[in-house]
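Understanding the architecture of this molecule
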Amino acid sequence: MTRFPLTWPSSRCLLVAMMTIAVASCASSTPRPSSAKSPTGERDTAVVHEPCDKDSAAAEKVDVNGDRIPDIIHVRKDGREVCRVVDLNLDGAIDAFIYYDGSGVERRRESDFDRDGRADEIAHYEHGVVVLKERETNFDNKLDTWDYYEGSRLARRERDSDGDGIIDQWWQFNNPNDPKCAVVASDQNADGKADPGSVVDLCAESYGAPKTTVPPPGGAVPPEGAVGAAAGQPAAAGAPGAAPASAPGAATAPGAAPASAPAGAPTATTAAPAGSAPSQPAARKGP
């Protein structure tokens, strides 16, 4: 096979740990990429074009928009179509090469999405259903992503994120109802295996689990406004969240700060003894 120019001759791409194992070594009915070299994840990253003789005398050329440039070319051999060349947006540049098996069913498609004349994605089909997409995503003309499909659904992904030809990311798409959800494991120490501590669930926050509030340790100052709110009392004017002054003659718990202080008096800074339960919160510093 040779690389192809995609241009026309004219001038005119525990659960977390279990998921880690599943992501890193998940067995699948989808085929391994033909470019796989070794169990460590090394890949042949060359973007290779399968020949399609669009210039043969037997090729049927179709001009859809009447500009005298073919927009669809049907290439036939022994009376059947073996491949097709398509300019989807009628701009004079090839967008896709489509290949057919002996039954006339699509088996391969090479697509150029960024119109640079090179394939960005090579999709492989079995019985007309996509099973694998090899993709080039960072404009360096090398494959870096392998997407595996099961029943036409994206099930898992392997990526070479740093361009060294070694797989260092494993994606497991764990929610059939949301293709954006995946558990991702990475190889950060370059040993060719997923690191358990690197696992990230992209949709963890969408599962609806409520956040739990941890109570403060004994003797800690309650959150601002907590005492008044718990007693059903309104906050005193000018002091948001502060408890109202004690009634005349009311006893003050030992060690508790006074409810109010005369103007100009220094602010009490002595903390309540550990484990005590003051009836009033400690006065706040500052204005």
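Residues numbered from 1 in each chain as written. Predicted model: local features only at pLDDT ≥ 70, side-chain atom pairs only at ≥ 80, totals over all residues. Heavy atoms only, no water.

Thoughts on a negative patch on the surface
How we decide: Residues qualify for a patch when their relative accessible area is over 30% and they have no salt bridge, like charges being joined within 9 Å and the nonpolar side chains of Val, Leu, Ile, Met, Phe, Trp and Tyr within 5 Å. Each accessible area is a Shrake-Rupley estimate made with a 1.4 Å probe; only the visible protein chains count as cover when residues are assessed. Put simply, a salt bridge is a Lys or Arg side-chain nitrogen that is within 4 Å of an Asp or Glu carboxyl oxygen. For the charge count, each Lys or Arg is scored as positive and each Asp or Glu as negative, with His and the chain ends excluded. Lys charges are placed at NZ, Arg charges at CZ, Asp charges at CG and Glu charges at CD. Comment: elements are numbered from the N terminus, with helices defined as DSSP H or I runs of at least four residues and strands as E runs of at least two.
Side chains of Glu42, Asp44, Asp162 and Asp164 sit close together on the surface and give a patch of like negative charge. Positionally, Asp44 belongs in the loop between α1 (15–25) and β1 (60–62).

Re the sheet that holds strand β11 (residues 183–186)
The line we're drawing: Whether two strands pair depends on DSSP finding at least two bridges between them.
One open sheet accounts for 12 strands, arranged β1-β2-β3-β4-β5-β6-β7-β8-β9-β10-β11-β12; its pairing is antiparallel. Each edge of the sheet is formed by a strand with only one pairing partner; in this case those strands are β1 and β12 (200–201). Alignment of β1 against strand β2 (residues 72–77), held across 3 bridges, turns out to be antiparallel. In the sheet register, Lys61 faces β2, and the bridge partner there is Ile73.

Some details on the environment of Arg118
Rules: Relative accessibility thresholds used throughout: buried, under 20% of the residue-type maximum; exposed, over 50%; partly exposed, between the two (1.4 Å probe, protein chains only).
You can see Arg118 is positioned in the loop between β5 (106–111) and β6 (121–126). Since its relative accessible area comes to 32%, Arg118 is described here as partly exposed. For Arg118 and Asp95, which are 23 residues apart along the polypeptide, the C-alpha to C-alpha distance reads 9.3 Å.

Brief notes about the confidence of the model for the chain
Stated precisely, the cut-off is as follows: For every residue, the predictor reports its confidence as pLDDT, a number between 0 and 100. Any two residues whose heavy atoms approach within 4.5 Å at even a single point are treated as in contact.
Per-residue confidence for the chain gives a mean pLDDT of 73; residues scoring 70 or more make up 58%. Low confidence marks residues 1–31, where pLDDT is under 50. Its contacts with residues over four positions away, or in another chain, come to 75 contacts. Long-range and interchain partners of residues 219–287, a stretch whose pLDDT sits below 50, account for 30 contacts in this model, where long-range means more than four residues apart.

Let's talk about the state of the cysteines
The cut-off we apply is this: The disulfide criterion used throughout: a pair of cysteine sulfur atoms within 2.5 Å.
Applying the stated criterion to the full structure yields 2 disulfides. A sulfur-sulfur distance of 2.0 Å marks the disulfide that ties Cys52 to Cys83. Between Cys52 and Cys83, the disulfide has an S-S torsion of 95° and is therefore right-handed. Highlighted residues: Cys52 in the loop between α1 and β1 and Cys83 in strand β3 (residues 80–86), separated in sequence by 31 residues. Owing to a relative accessible area of 9%, Cys52 belongs among the buried residues under this scheme. Take Cys83: its relative accessible area is 2%, and that puts it in the buried class. Linked covalently through their sulfurs, Cys181 and Cys203 form a disulfide whose S-S length is 2.1 Å. Disulfide Cys181 to Cys203: torsion about the S-S bond roughly -90°, handedness left-handed. Residue Cys181 is found in the loop between β10 (169–172) and β11, and its partner Cys203 is found in the loop between β12 and α2 (226–231); the two are separated by 22 residues along the sequence. Residue classification places Cys181 among the buried residues on the basis of a relative accessible area of 1%. Looking at the chain, its bonded cysteines, counted consecutively from the start of the sequence, adopt the pairing 1-2, 3-4.

Remarks on the pairing of β6
When a strand is regular, its side chains alternate between the sheet's two faces. Among the 6 residues that make up β6, 5 are buried, leaving the element largely enclosed by the rest of the structure. With 4 bridges joining them, β5 and β6 adopt antiparallel strand pairing. Its bridge partner being in β6, Arg108 is matched across the sheet by His124. Sheet topology note: the β6/strand β7 (residues 129–135) ladder contains 6 bridges and is antiparallel. Along β7, the bridge assignment pairs His124 with Leu132. The turn joining β6 and β7, which pair antiparallel and follow one another in sequence, is formed by 2 residues; a positive phi near 55° is taken by His127.

Regarding unusual backbone geometry
Although it is not a glycine, Arg68 adopts a positive phi angle of roughly 65°. Mapped onto the elements, Arg68 comes out in the loop between β1 and β2. Backbone geometry at His127 places phi at a positive 55°, although glycine is not the residue there. Following the sequence through the fold, His127 ends up in the loop between β6 and β7.

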